[in-house]
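Spelled out, the chains give:
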Amino acid sequence: MRLNIEALNDAKELSGLENTVIEISHVSKQFGGFKAVDDANFGIRQGEFFSMLGPSGCGKTTTLRMIAGFEQPTSGEVRLDGKDVSKVPPYKRNVNTVFQNYALFPHMTVFDNIAFGPRSTKAPKGEIAGRVKEMLEIVHLADFAERRPTQLSGGQQQRVALARALVNYPSALLLDEPLGALDLKLRQTMQLELKRIQREVGITFVFVTHDQEEALTMSDRIAVMNAGRVEQIGTPEEIYHQPATVFVAGFIGVANLIPAAVVAVTGDLATVDAAGHRFGVPVTDESIKPADSAVVMVRPERLHISLDRPTGDLAAVEATVEELVFQGPVLRASLRTAAGTELVAHIGPEDALPMLRPGDRLWASWVLDAACLLRSVDTTAETALVS
Amino acid sequence: MSAVVGGAKKQREQYGTVTSPAGKLGRFIINLFAAGGLLYLFLPIFVIVAFSFNQPVGRFNAVWNRFTFDNWLHPFADQALVDALLLSLKVALLSTAVATVIGTFMAIGLVRYRFKGGGLVNFLLVLPLTAPEIVLGASLLTLFLAPTMLLFNISFSLGFATIVIAHIMFLVSYVALTVRARLRGFDWTLEDAAMDLGANPTRTFWRVTLPLITPGILAAALLSFALSIDDFIITYFVSGPSTTTFPVRIFGQSRTATPPQINVLSTMILLVSISILAIGTLVSARRTKRDSA
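Residues numbered from 1 in each chain as written. Chains lettered and ligands numbered in written order. Predicted model: local features only at pLDDT ≥ 70, side-chain atom pairs only at ≥ 80, totals over all residues. Heavy atoms only, no water.

(A) View of the pattern of salt bridges. Evaluated as defined, the whole model comprises 22 salt bridges over all chains. Two residues, A:Arg159 and A:Glu193, come together in a salt bridge whose shortest N-O distance is 3.1 Å. One end of the pair, A:Arg159, is in helix α5 (residues 154–166); the other, A:Glu193, is in helix α6 (residues 184–201), and 34 residues separate them in sequence. Classification of A:Arg159 by relative accessible area gives buried; the value is 17%. With a shortest N-O distance of 2.8 Å, A:Arg278 and A:Asp273 are connected by a salt bridge. A:Arg278 sits in the exposed class, given a relative accessible area of 54%. Residue A:Asp273 is classed as partly exposed on the basis of its relative accessible area, which comes to 31%. Residues joined by salt bridges that share partners form a network here, namely A:Lys29, A:Arg65, A:Glu71 and B:Asp192. (Salt bridge = Lys/Arg side-chain N within 4 Å of Asp/Glu carboxyl O. Helix = DSSP H or I, 4+ residues; strand = E, 2+ residues; numbered from the N terminus. Buried < 20%, exposed > 50% of the residue type's maximum accessible area, 1.4 Å probe, protein only.)

(B) Here's a closer look at the packing of aromatic side chains. Across all of its chains, the model carries 18 aromatic pairs over all chains by this definition. Between A:Phe105 and A:Phe116 the ring centres are 4.8 Å apart and the planes differ by 55°, which places this aromatic pair in the tilted class. Placement of A:Phe105 in the loop between β6 (95–98) and α3 (110–120) and of A:Phe116 in helix α3 is noted, with a sequence separation of 11 residues between them. Per residue, the accessibility class of A:Phe105 equals that of A:Phe116, and both read buried. When the centroid spacing of 5.5 Å and the interplanar angle of 15° are considered together, the rings of A:Phe247 and A:Phe251 count as stacked. Taken together, the residues span about one helical turn, with A:Phe247 and A:Phe251 both in helix α9 (residues 246–251) at a distance of 4 residues. Here A:Phe247 falls in the buried class, since its relative accessible area comes to 17%. One Lys or Arg, A:Arg299, reaches over the ring of A:Tyr240 and ends 4.1 Å from the middle of that ring. The ring of A:Phe116 is capped by B:Arg203, whose NZ or CZ atom sits 5.0 Å from the centre of that ring. (Phe/Tyr/Trp six-rings, centres within 6.5 Å; stacked < 30°, edge-to-face > 60°. Lys NZ or Arg CZ within 6 Å of the ring centre and 35° of its normal.)

(C) Structural context of the domain arrangement of chain A. Residues and elements named next belong to chain A. Taken as a whole, chain A is organised into domain 1 (11–241) and domain 2 (254–386). Between domain 1 and domain 2, the contact holds 5 residues from the first and 7 residues from the second. If you look at where domain 1 meets domain 2, you find 0 salt bridges. Linking domain 1 with domain 2 are 2 residue pairs in polar contact (both at pLDDT 80 or more), by the criterion used here. (Domains from an automatic or database assignment. Contact = heavy atoms within 4.5 Å. Polar contact = N/O pair within 3.5 Å; in protein donor to acceptor, adjacent residues only side chain to side chain.)

Next up, the structure:
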């Protein structure tokens, strides 16, 4: 019996249809001559915390507004629970939004704000009060029902906005940079709060943010967007360790990007010439061929610093120390290779090193798996970045 | 909170007494100046009220004779004047109601949506305010009397209808401009939020947009009502011989007689306006207090 259920779950997982709540199917959105969203194509699964991450103007909010129904796609389809809703107005879609500025109704009490949804959707009268109370308890605001939004703190207003959007039991909750207006400390509390509430209600959360740390902390999966295009979709680990593009690598965390010439590709390992050295790099992008120019990406905390050339199966480049900054947990060393590429290394307390000074020559090395090989930004992508 | 307010108050007092550049004489001059300004503003009103208690000599209530309550005991003695006031009230109520609805929707349309010709409408809106009333009155009269293609060759007989039409015409501008000013700061994502929660556009308007802009609409309606009651020039052109509004009646009568009832009725109108103003101030003060408590 148990086996059967597992098999069934696996089948669902594989088909990807049963548990996909929102499908963005080749969706583009054009505002006049400006392409805000360019052929976005992905699905969001039941119960997951999905983030759309990118700089301002990357199309993440436009995509969210198309899911909510405030914008209609120029081409493509938005499907909700399997049905095409591209032309359905917001008030007939079973998704709810937490707005950036909360958009609480100032002329209504907290209770009436939350009850607005069920009252509008003609929920049975006897049910409404119970549902509102349930939501107030979930967001820990049970004693605030008769207050007005102006009498609440920013964090409390945020919770009311959340309760108001959840009370309709939507298929998905859309959050448009909801933590943007809060100070850092409250932000971090609310991040955990949001995760707790999401676990408690089990509803799919679609979260828009430009803060990569926030996305990494909270999400099950992240879609990284840039200039209207989805650059990569994956778990926080995948996106951090195996960025698909140079943009993703640079946008999430700090990345060392070393220009390289591909010498040979054998299976999933490429041999490259970079910064005056030859070494191996794991490669997942099958379009990368010998003689291509590419970029080697290594995270600063994966760089190992030594005074002598390291031995063993490591990739290593020689560099000069330019600057040393003590940052508490780590010492940040800015290095420059002979070819002029800048590198950043995070040196932890366990790395036994003599006193370093700017101008010292040393070796930066890493285990082969720590790096990945990315396509160079081609000219078209570069113009997109500039515009 | 109260400590902070108290501190601010203390500070203000200090500035008032210690660091004020004007000495005792300076402050006396400033107060005198202020009193003169207020006197200038309120003397005419005071005269109107005072002369409602005068026992006039002859037909003109222009020279102070002696104090009496007679006029207030018989405020409706002059039947023609009462009829004129009633007509003014009817005109004001009807034209305010119509102008408020039209003007409010115009304001919402102008602020909420971008459309071709929006700029032109914004410009045309101030024309009835800036054009001399005498010009508007004369042109309306021509329009009503001479059948033109513009009005499908219908000619109007001057009376209640023409007065109301004329008043609506200029009141719409006042309402639209007043409401538009209030809408400039309106947070339109509230409408998005309402629709997102399942409210259709009708429910969104009645439950969210309208309640929030009601103070602006009320202010516009009160202004319209006052302007309509008060209007003389345009009304003088478009009113017929048997339809005389309060201001037109007073003007027409003033050459032959000014009964003290004019002062009594005027004082009554004044009292009503002051009461409405006071209620409005009290309500909004209480609301601010409740919202910030």
